[in-house]
Amino acid sequence: MSKRTVVLLLLVVLVLASVFVSATGAEKKKIVVGFAQVGAESAWRMANTESIISEAKKRGVELIFVDCQQLQTNQIKALRSFIERKVDVIGFSPIVTTGWEEVLREAKQANIPVILTDRGVDCADDSLWVTLIGSDFVEEGRRAARWLAEKMNGKANIVELQGTIGSAPTIDRKKGFEEVIANYPEMKIIMSKTGDFTRSKGKEVMEEFLKAEGDRIDVLFSHNDDMAIGAIQAIEAYGLRPGVDIIIVSVDAIRAAFEAMIEGKLNCTVECNPLLGRQFFDAVEAIMAGEPLPKRIIVEEGVFPQEVARDVLPTRRY
Ligand code: AHR
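Thresholds, definitions, all that
Once a new chain begins, its residue numbering starts again from 1 and follows that chain's sequence as written. Where local features are concerned, this predicted model is filtered to residues with pLDDT of at least 70; where side-chain atom pairs are given and counted, the filter is 80 or more; whole-chain, interface and lining totals use all residues. Here the side-chain values reflect all heavy atoms present in the structure, with hydrogen atoms and water set aside. Every helix listed is a DSSP run of H or I at least four residues long, and every strand listed is a run of E at least two residues long, numbered separately from the N terminus. When at least one non-hydrogen atom of a residue lies within 4 Å of a molecule or strand, that residue is treated as near it. Each polar contact in these results corresponds to two N or O atoms within 3.5 Å; when the atoms are within protein, one needs to be able to donate a hydrogen and the other to accept it, and residues that are neighboring in sequence are counted only if both atoms are side-chain atoms. Residue exposure ignores everything except the shown protein chains as possible cover, and the areas themselves are Shrake-Rupley values with a 1.4 Å probe. Using only the protein atoms, space was sampled on a 1 Å grid; points where a 1.4 Å probe fits but cannot get out form cavities, open sets with protein on both sides within 12 Å along at least five of seven lines form pockets, and lining residues are those with an atom within 4 Å of a point. For a cavity or pocket, the test is whether more than half of a molecule's atoms lie within 2 Å of its grid points; if they do, the molecule sits there. Only Asp, Glu, Lys and Arg are considered charged in this grouping, and only Ala, Val, Leu, Ile, Met, Phe, Trp, Tyr, Cys and Pro are considered nonpolar; every other residue, Gly among them, is considered polar. The domain limits used here are those given by an automatic or database domain assignment. With axes taken as lines fitted to C-alpha atoms, and helix axes fitted only over the stretch in contact, angles between N-to-C directions fall between 0 and 180 degrees. Roughly parallel covers angles under 35 degrees, roughly antiparallel covers those over 145, roughly perpendicular covers 65 to 115, and oblique covers all other angles. Whether a crossing is left-handed or right-handed is set by the direction in which the near helix is turned from the far one by less than a right angle, anticlockwise for left-handed and clockwise for right-handed. Contacts are assigned to residue pairs with any non-hydrogen atoms lying within 4.5 Å of each other. The buried label applies to any residue whose accessible area, calculated with a 1.4 Å probe on protein chains only, is under 20% of its type's maximum; exposed applies above 50%, and partly exposed to all values in between. Two strands qualify as a pair provided DSSP detects at least 2 bridges between them. Look down the strands so they point away from you; if going from the first strand over the helix to the second traces a clockwise path, that crossover is right-handed.

Caption draft 1: Region of the structure containing the environment of Met191. Here Met191 is to be found in strand S7 (residues 186-194). A C-alpha to C-alpha distance of 35 Å links Met191 and Asp126, two positions 65 residues apart in sequence.

Here's what the structure looks like:
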């Protein structure tokens, strides 16, 4: 057999093999997902990131992950880069609620479906995203206030550490909390300021609250546990006992909050579940299979007062 015939035969074998592989479906196209994460501002966020990355690995999905460092400009840039790379699906947790129309329209024009995770957008045209998977933040605010009203017998001077201004959890938690305390004329928010969901800012702003209002403060409502943990340090440095002299209720239910409750320094945490990886990639796969999805997928969550902390801590996954 001549060299030429051998090469030709090899080529025929290769072509036949590739036809067979395609026909049997063995050569499955890898799904490519672009995910623009808020940042790494809290323990909640780290758990959320880990959940997304590990689930992508588990399913063999190619994930292009961008940490947007709490800047909307970075997030918009990341979304545009995903559109340019023609990913199959875009996922993102919007840092703030407004300013998304233009880039979401660009994704729609490029026929790239968008899934919102954790946080929603304030945008009239809801055809710009497929679904929003995440918590009911308004209900979280209500849960915190209901627990507090009972604990304080409807009477308290409250300081509030808000999350990132303009973000869905900040807007909604505040709304839910205020809606419930409106039923208690002797429960008042005497100071309210953003701590941007970080421990360091939480500490800094709590120092300001203490300097201005000191012993008048009965309660701290913190939009997340990380800020509450920062505030605990400020309260101790000021010479008061967190969890005793100042009652603290916060949101997320991270492990560190349970540890603080066991030490008696935090009184209650309202759960906000960051482990969204499984539901996110279920949605990605449903989209790829052409299956319909509900516009809103809400995550089930609970409330954990100090009394249950010791029993619950061993079961916490974040
Ligand atoms: O969007 C969810 C919020 O973002 C969490 O409550 C907070 O900890 C995080 O930074």
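Caption draft 2: View of the site of the ligand. As a structural note, the neighbourhood of the ligand is formed by Glu41, Ser42, Trp44, Arg45, Asp118, Arg119, Phe137, Pro169, Arg173, Phe197, Asn224 and Asp252. One of the side-chain nitrogen or oxygen atoms of Arg119 is found 2.8 Å away from an oxygen atom of the ligand. Considered on its own, the ligand offers 280 Å² of accessible surface; in the complex 100% of this is hidden by protein. More than half of the atoms belonging to the ligand lie within 2 Å of the grid points that define the largest cavity. Partitioned by chemical class, the residues of the shell around the ligand number four nonpolar, two polar and six charged. Here the shell around the ligand spans two domains, since at least three of its residues come from each of domain 1 (32-135 + 274-300) and domain 2 (137-272).

Caption draft 3: Geometry of the packing of helix H2 (residues 43-59) against helix H10 (residues 277-288). In contact at an axis separation of 8 Å, H2 and H10 are set at 50 degrees when each is read in the N-to-C sense. It follows that H2 is oblique to H10 by the angle criterion. In this structure, the crossing between H2 and H10 has a hand that is right-handed. In this structure, H2 contributes Ser51, Ile52, Glu55, Ala56 and Arg59 to the contact, and H10 contributes Gly277, Arg278, Phe280, Phe281, Asp282 and Glu285.

Caption draft 4: Spotlight on the pairing of strand S3 (residues 89-92). Along S3, one buried face is formed by Val89 and Gly91 and the opposite face, lined by Ile90 and Phe92, is buried too. Here S3 pairs with strand S4 (residues 114-117) via three bridges, running parallel. From the neighbouring strand, Ile90 faces S4, where its bridge partner is Val114. Crossover handedness for the path S3 to helix H4 (residues 101-109) to S4: right-handed.

Caption draft 5: A look at the sheet that holds strand S9 (residues 247-252). With mixed pairing, the six strands of this open sheet are ordered in space as S7-S6-S8-S9-S10-S12. Looking at which strands have only one partner, the edges of the open sheet turn out to be S7 and strand S12 (303-305). This sheet shows a mean twist of 20 degrees between the axes of neighbouring strands, independent of strand direction. Alignment of strand S6 (residues 155-162) against S7, held across eight bridges, turns out to be parallel. Across the sheet, Leu161 pairs through a bridge with Lys193, a residue of S7. Of the strands in this sheet, S6, S7, strand S8 (219-222), S9, strand S10 (268-271) and S12 touch helix H5 (residues 137-151), which is tilted by about 160 degrees from S9.

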